[in-house]
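# Understanding the architecture of this molecule
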Amino acid sequence: MGRLATAAVFATTLEWFDFLIYATAAALVLGPQFFPSSNPVAGTLASFATFAVGFVARPLGGILAGHAGDRYGRKPPLVAAMLVMGVATFAIGVLPTYASIGVWAPILLVVARLVQGLGVGAQWGGAALLLTEHAPPERRGFYGSLVQTGAVLGAVAGNLFFLVLTATLSDEQFTSWGWRVPFLSGLVLVLIGMYVQLKIEDTPVFRAMRESSAAAQREAGLRKAPLLEAIRRYWREILQATGAFFVVNATFYILISGVLDYATKTVGMSRTSILLCVMGAGLTQVVTMPFFGALTDRMGTRKRLYLAGTVGMAIWAFPLFWLIDTGSVPLVFLALLVGFTIHATMYGPQATLYAEMFPADVRYSGASLGYQFASVFAGGLAPFVMTALLAATGASWSVSLYIIGTAALTFLAVITIRERFRRDLYQTSQDEDADSSAAQSVRAG
């Protein structure tokens, strides 16, 4: 588990580093580079809209990977996702700007961002199941949370990269070529994908299904169309998983990206100061998410802690921006620290909660669909919605109300989930049918 966890976290970190450095670049520099406009707000909105484009492609990545992951194994789509992401990220790093090739610059940027979305959409389900399906049941929450730390480490690494660049380069150097350096590192992800392909075995759950006889395979659930089966039979669980991710995903991108733009352009903080605040507060999740994931193992429930975090985020929505509006570095750091800690109570146990919601034969499809559909309407649009709300109202209270709205949606989704704490992850949908038939027979008797 140690080697597997290290590989999964490292791969996830690089995947999210590649995907999220766009968020930082969009807030700091991409607007004038690819969307020149006399109105700075319009340029920022355009760059954030392109940021959202990557999320539009994530469900398609989740659909393709979900089918392949339930049919051919958890590892192949994970490796493919890393290769696709690495190449797309590198491509952004070498794209000519609007000044060089005109309208083709934003077009090519959108294409590369779409490919990034496919990659990250395919990646999460594979990494989450690689750990949860290997983990012992009594530590499933802890190991599942490690996958989630990859997103945080990727965001922190991206901010650190940009922080070093802005500290060592002049504004002219950073604008002309310095912002490209983080994107060029995408090729490292290709090497990690090759390592996972060669050194990491598929999960014991999938191997157990694959190694059965041809007749038993049909019973075990190696379906020709697992995606369709997931939608047909588990559409409620998919909708619940989608709703459960709303406030988690929206607040994450508000904290790591939207706040960067708001604090520098509206509050008047320096770029270095707000990057340090976001990076330092976000880094604490490397500790808090495994803590809360392990806590659910001891509590005997994932759902109760998740609901508490949802309520906590709604309560913190207004104090978050009251403290940020002060422009005081210690108070801004405190605001973000509390926000990231509350976020960890939900994001930490999320991968395990999702894995336990679906049977083995449709687990990759079901979990990926719920996760990725929410990412389009919550995370992908969050910085754009935040910028639009601030432009329309001129006040941060509108963003606080937006957070509260997403929290209400998440609370309704999570409270309706039928929790299956420490379920047998080898159980397929056919096993559930057999259990249901047996129970009905007992009741009839």
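Structure report, in brief.

What counts and how
Residues numbered from 1 in each chain as written. Predicted model: local features only at pLDDT ≥ 70, side-chain atom pairs only at ≥ 80, totals over all residues. Heavy atoms only, no water. Helix = DSSP H or I, 4+ residues; strand = E, 2+ residues; numbered from the N terminus. Contact = heavy atoms within 4.5 Å. Areas by Shrake-Rupley, 256 points an atom, 1.4 Å probe, with all protein chains shown as cover. Patch = residues over 30% accessible without salt bridge, like charges linked within 9 Å, V, L, I, M, F, W, Y side chains within 5 Å. Salt bridge = Lys/Arg side-chain N within 4 Å of Asp/Glu carboxyl O. Core = buried A, V, L, I, M, F, W, Y, C linked by side-chain atoms within 4.5 Å. Buried < 20%, exposed > 50% of the residue type's maximum accessible area, 1.4 Å probe, protein only. Axes fitted to C-alpha atoms, helices over the stretch in contact; angles between N-to-C directions. Parallel < 35°, antiparallel > 145°, perpendicular 65-115°, else oblique. Phe/Tyr/Trp six-rings, centres within 6.5 Å; stacked < 30°, edge-to-face > 60°. Expected span 1.5 Å × (residues − 1).

Helix and strand content of the chain: 24 helices and zero strands. In the chain, of all internal contacts separated by at least 6 residues, the share reaching a separation of at least 24 is 85%. Total accessible area on the chain stands at roughly 16300 Å², and carbon and sulfur atoms take up 68% of it.

We now examine a nonpolar patch on the surface. There is a patch of nonpolar side chains on the surface, built from Y98, I101, V103, W104, I107, L108 and V111 and spanning about 610 Å² of accessible area. Elements that contribute at least two residues to the nonpolar patch include exactly α6 (98-101) and α7 (104-132). Take the nonpolar patch: its biggest share by element is four residues, from α7.

As for its position among the elements, R58 is in helix α4 (residues 58-72). Discounting chain neighbours no more than four positions away, the residues touching R58 are W16, F19, G117, V120, G121, Y253, Y371, Q372 and S375.

Residues I274 and L336 are the most contacted members of the largest nonpolar core, which totals 122 residues. Considering each element in turn, this core owes the most residues, 16 residues, to helix α1 (residues 2-28). Those residues within four positions of I274 in sequence are excluded, and the remaining contacts are V259, L260, A263, T264, M269, V332 and L336. One finds A65, A122, L129 and Y364 within the second-largest nonpolar core, a separate group that totals six residues.

The subject of this paragraph is the packing of helix α16 (residues 246-267) against helix α19 (residues 303-324). α19 packs onto α16 with a crossing angle of 5° between their chain directions and a minimal axis gap of 12 Å. By the criterion of interaxial angle, the relationship of α16 to α19 is roughly parallel. Residues V247, V248, T251, I254, L255, V259, Y262 and V267 of α16 lie in contact with α19, whose contacting residues are Y306, T310, M313, L320, F321 and I324.

The next thing to look at is the packing of aromatic side chains. The geometry of an aromatic ring pair comes down to the distance between the two centres and the angle between the two planes. Tallying each qualifying case throughout the model produces eleven aromatic pairs. Judged by centre distance (4.2 Å) and plane angle (25°), the ring pair of F245 and Y371 falls under stacked. Of this pair, F245 sits in the loop between α15 (235-244) and α16 while Y371 sits in helix α21 (residues 363-379); the two residues are 126 residues apart in sequence, bridging distant segments of the chain. Classification of F245 by relative accessible area gives buried; the value is 1%. In this structure Y371 comes out as buried when scored by relative accessible area, which is 0%. Ring centres 5.2 Å apart and planes at 70° place the aromatic pair F291 and F292 in the edge-to-face group. An aromatic cluster is built from F245, F252, Y253, Y347 and Y371, whose rings are joined through pairwise contacts.

For α16, with 22 residues, the first-to-last C-alpha span of 27 Å runs short of the 32 Å given by 1.5 Å per residue. Counting buried residues in α16 gives 18 out of 22 residues, a clear majority hidden from the surface. Positive backbone phi, at 95°, marks G268, one or two positions downstream of α16.

Within the secondary structure, Q33 is located in helix α2 (residues 30-34). Taking the C-alpha atoms as reference, Q33 lies 6.2 Å from Y98; in sequence the two are 65 residues apart. In this view, Q33 contacts T97, Y98, T175 and W179; residues no more than four positions away in its chain are not counted.

A separate point is the pattern of salt bridges. Inspection of the entire model under this criterion finds seven salt bridges. The shortest N-O distance in the salt bridge between E229 and R232 comes to 3.1 Å. In this pair, E229 and R232 are both assigned in helix α14 (residues 226-233), three residues apart and thus about one turn of the helix distant. When its relative accessible area of 58% is taken as the criterion, R232 is described as exposed. Salt-bridge contacts for D261 lead to K265; the nearest nitrogen and oxygen are separated by 3.0 Å. With D261 and K265 both in helix α16 and four residues apart, the pair spans about one turn of that helix. Among the residues examined, D261 registers a relative accessible area of 8% and is labelled buried. Three or more residues joined by partner-sharing salt bridges are found here, namely R140, D297, R302 and E356.

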